Each structure stands twice: as structure tokens, then as C-alpha cells.
Amino acid sequence: MQKTLIINAGSSSLKWKLFEMPSEVILASGLVERISMPGSIFTIKYGDHQKFEKTVDNLSQEAAAKMVFDEMQNLKIIADLSEITAVAHRVVAGGQVFKSAVKVTPEVLKKIKELSNFAPLHNPMEAKGIETMAKTLPDVVQYAVFDSKFFTDLPEKNAIYSLPYELTQKYQIRRYGEHGISHTYLTKRAAELLNKPKNELDLVTMHLGSGASLAAVKNGKAFDTSMGFTPLTGVTMGTRAGDLDPALVPYLMQELKIDDPNKIMMMLNQESGLLGISGISPDMREIRAKQQTDPRAKLAVDVFVNRIVKYAGSFLTELNGADALVFAGGIGEHNDELRQEIIDELAIFNVKLDQDLNKAGHEGLISSPDSAIKVLLIPTDEELEMVRQVTEL
């Protein structure tokens, strides 16, 4: 029996699934939330709805990976590590180098590291994860599946910036996007739920989590994205600032008397967003719990909603309408109040939620029958999309 382990490392989380192949049966799945934060939560689901959960303060990615293997054996999910025959990793930035999933070789790993400037919070961590797996499972084939693949065919008018064109070409400066694996899955699943051919489908897909991005999908393909050259831009995120005036970088360097621009970039990546505005946490659950009594918590929520509405509205205009808006990601899937707030702000498009369906939070339509645009809730499954891309190899 072949078993493929899918590793999906985000900026503050580590998700994984163990598949029996080629049947695609999920043998176990796990999630580590709040990595490197107080109260890191380690969860495994396996067997007949069995669950193992443990809280560990400031759990690192390396320690989380070790716990995955230890607990899989302790819980008898696998008898021995030799049962795992392949490992696939989500890698955010493939640049113009990687346009499909690839088998990891020393040269591939080197190039993934070289692309770290495109995703400074992700590629180094994902490269480290590949190296960790190579030490733990030295004889197992590893694959890299790239988030940027979905956006490699963006129309040029949406892909490039208004820079001197020679620089755009020479340094491959363009929108690379993120969460492409998720947006790919959401597009395919929306086609199934709407019973419409994917190549005839126009969507605005919203992957809303600690990292967040929106995509405009035209005829089943990526047409635009909220993220840019790196995952820093776009909507407000857990710790990332999202869109801002680039003149702020030299301004802050001058005002804070900082000589190294990388320090400002780290602040924009790791100390901004929901955390920076609220002063509480990058976790939307903690912020919403205090928004009634803390003005900064309420402001953080308001900004988060506002930025999503701006992109969703502009994408609907670009697409000249759409078949559906799709909510996904940890926040998008589990926060019915936030979904309602976003849709309320898009009322000009005559889009409406069914309050009961929205509160129930099940996969499928959550819009009211008289909504001009359908609204779908789809729990994204990046791991399933990844295992399918690996199988295609």
C-alpha cells in the first residue's frame, strides 16, 4: 500500500494529510496552529472520527514535524516510517522557473531557496521543511507543488506593474500571487457544485486566513489576483500589511533611524496587519472576541473587511459580474458574521446571503434565491489538489 504525505506549511500553520494511494483515501490529517506563538495547538484526526489534541507553547516548525511522525506511530496510524512512499510540499514562490509540480532534486531545492525574495516568509521555511523530511525519510521521493502555478498565465495587463518595461523583463517583475493551489481547488469544486463546465466559469475566490488573497477567475483561469510580486501585498492579513504606499519604506527608515530596509520589510511582514492594528493578536478569533470593548480590535476587523470588499468589488467589475463569490480559508470558512459583513458591503451588486445557510456553515450555496450572484462556502482542500498534481507527474 502506497502512502503519500502532503505537507502544507503556511506562515503560522502547518497542515498535513496522509493519503492512501492511488485511492486518495485520507488515513489521517493534522493541523498545527499558532506556530511560534503562545498556545500552539497540535491536532490529529484519524480513524473513525478519533482526535488527538495537544497544546504546546511556541511550537516551532521543526518540532511540529517531529511531533507529526512521533504521534502517527504512537496512535498506530502507521507502524513504521517506511510505509510513507512519497512526500509533497506546498511551495509558495516558483517564479518563472517552476510552472508545474516537480520532483525535488538538489538543484530544485537550490532554486527554491534562490526564489526566497519572492516569498521571504515562506520559501525559506518550505526549503527547510524539505531538508527536514530528507533527514527523517532519506529514501523517500519528495515533490514540490507551487502556489504560483495558477497565476503563471495572468493576462499581461494584470500581471505587470507600471515600471520601465526593460526592468520588468530583465528582473521578471510581475504578480506571482499566492494560495494558487487553493484557488485551483476552489475553481474546480465550484464548477462541480454549480454543475457548470470549468472553462465557462467566472468567479471571485476568497481565501481568507492568516494569509489572505482574492482571485478573479475568468473562464476557469486566473485573471487577476490581490497579491503581487511577493505575498506581502493585497488585503490586510494576520501579520502582513497588505497594500501600502512604497514611499513609506524610506520614510520609516528615516523616521526610525534604520539603515537596513530589510528591517522595515520584516516589520511589514511580521508585525503589521491584524496584529499591528489591534495590538492584540494576528488571530481573528481573539480580535473579534474583544471588538465590542476595544476600539483597536474593532478597527482591525473593519479594515480587514474593507480591504476584501475593495478587491471583491473591483474583480466583479473586471469580470463584468460573476457566477459566484467563493468563501474559503480558516476565517472565510468558520466566521459567518464576517461573511455577512463582507456581503452586506457588496450590496450594490445585488448579492445576498441566506442567513440560515450562512450560519449553518456547510459546503455549498449560502446565498438567497434572489441573489444576483451566487455565494458559495467551500472548505478548501489544498492537500487533495496537491496529491492530484503529484499523481499527474
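Preceding this paragraph is the structure being described.
Since this is a predicted model, take the numbers as computed values, not measurements. (Residues numbered from 1 in each chain as written. Predicted model: local features only at pLDDT ≥ 70, side-chain atom pairs only at ≥ 80, totals over all residues. Heavy atoms only, no water.)

Participant: Hey, could you run me through the environment of K99 in this one?
Facilitator: Examined against the element boundaries, K99 turns out to sit in the loop between β6 (84–91) and β7 (102–103). You can call K99 partly exposed: its relative accessible area is 46%. The spacing of K99 and K359 is 260 residues in sequence and 39 Å in space, taken between C-alpha atoms. Once residues within four sequence positions are removed from consideration, K99 is found in contact with K149 and T152. (Helix = DSSP H or I, 4+ residues; strand = E, 2+ residues; numbered from the N terminus. Buried < 20%, exposed > 50% of the residue type's maximum accessible area, 1.4 Å probe, protein only. Contact = heavy atoms within 4.5 Å.)

Participant: Is there a simple way to think about the sheet that holds strand β11 (residues 221–225) in this case?
Facilitator: Strand pairing in a sheet relies on backbone hydrogen bonds, with the paired strands running either antiparallel or parallel. Reading across the sheet, the six strands line up as β11-β10-β9-β12-β14-β13 and stay open at both edges, with mixed pairing between neighbours. Each having just a single partner strand, β11 and β13 (364–365) make up the two edges of the open sheet. By the bridge criterion, six bridges tie strand β9 (residues 203–208) to strand β10 (residues 212–218) in an arrangement that is antiparallel. Across the sheet, residue V204 finds its bridge partner in β10, namely A216. Docked against the sheet, helix α13 (residues 336–345) engages β9, β12 (324–328) and β14 (374–377), running at close to 150° with respect to β12. (Pairing = 2+ DSSP bridges. Axes fitted to C-alpha atoms, helices over the stretch in contact; angles between N-to-C directions.)

Participant: Explanation requested: the packing of aromatic side chains in the structure shown.
Facilitator: When we look at a pair of aromatic rings, we describe it by the centre distance and by the angle of the planes. For the structure on display, the rule yields seven aromatic pairs. Between F98 and F146, the aromatic rings sit 4.6 Å apart at their centres with planes inclined by 5°, giving stacked as the arrangement. Residue F98 is found in the loop between β6 and β7, and its partner F146 is found in strand β8 (residues 141–146); the two are separated by 48 residues along the sequence. Each of the two residues, F98 as well as F146, counts as buried. Taking 5.0 Å as the distance between ring centres and 80° as the angle between the ring planes, the aromatic pair formed by F118 and Y176 counts as edge-to-face. With F118 in the loop between α2 (106–114) and α3 (123–136) and Y176 in the loop between α5 (165–170) and α6 (180–194), the pair connects residues that are 58 residues apart, well separated along the chain. In this pair, the class of F118 matches that of Y176, namely buried. Three or more aromatic residues joined by ring pairs make a cluster, and in this case those are F118, Y176 and F229. The side chain of R174 reaches across the aromatic face of Y176, ending 5.4 Å from its centre. Over the ring of F223 we find K218; its NZ or CZ atom is 5.8 Å from the centre of that ring. (Phe/Tyr/Trp six-rings, centres within 6.5 Å; stacked < 30°, edge-to-face > 60°. Lys NZ or Arg CZ within 6 Å of the ring centre and 35° of its normal.)

Participant: How should the pairing of β6 be read in this particular structure?
Facilitator: Along any regular strand the residues' side chains alternate between the sheet's two faces. Buried residues dominate β6, accounting for seven of its eight residues. Relative to β6, strand β1 (residues 2–9) runs parallel, the two being bridged by five bridges. Of the residues in β6, the one forming a bridge with I6 is A88.

Participant: Which parts of the structure should I look at to understand a nonpolar patch on the surface?
Facilitator: Taken together, the side chains of L244, L248 and Y251 make up a nonpolar region of the molecular surface, amounting to roughly 270 Å² of accessible area. Mapped onto the elements of the fold, Y251 is located in helix α7 (residues 248–256). For Y251, a relative accessible area of 47% translates into the label partly exposed. (Patch = residues over 30% accessible without salt bridge, like charges linked within 9 Å, V, L, I, M, F, W, Y side chains within 5 Å. Areas by Shrake-Rupley, 256 points an atom, 1.4 Å probe, with all protein chains shown as cover. Salt bridge = Lys/Arg side-chain N within 4 Å of Asp/Glu carboxyl O.)

Participant: Hey, could you run me through the nonpolar core in this one?
Facilitator: For soluble globular proteins, nonpolar side chains are generally found buried alongside one another. In terms of nonpolar packing, the biggest core is built from 39 residues, with V204, L208, L214, L325, F327 and I342 touching the most fellow members. Within the residue set of this core, elements represented by two or more residues are β9, β10, α10 (284–290), α11 (295–318), β12, α13 and β14. Among the elements that make up this core, the one with the highest residue count is α11 (11 residues). Once residues lying within four places of it in the same chain are set aside, the contact partners of V204 are L214, A215, A312, F315, L316, L319, A324, L325 and V326. (Core = buried A, V, L, I, M, F, W, Y, C linked by side-chain atoms within 4.5 Å.)

Participant: When you look at the packing of α6 against helix α15 (residues 382–392) in this model, what are you seeing that I'm missing?
Facilitator: For any two helices packed against each other, one specifies the crossing angle of their axes together with the interaxial distance. Packing of α6 against α15 leaves a shortest axis separation of 9 Å and a crossing angle of 95°. Of the possible angle classes, the one that applies to α6 and α15 is roughly perpendicular. Of the residues in α15, those touching α6 at I181, S182, T184, Y185 and K188 are E382, L384, E385 and M386. Considered class by class, the residues forming the contact of α6 with α15 number four nonpolar, two polar and three charged. (Parallel < 35°, antiparallel > 145°, perpendicular 65-115°, else oblique. Nonpolar A, V, L, I, M, F, W, Y, C, P; charged D, E, K, R; others polar.)

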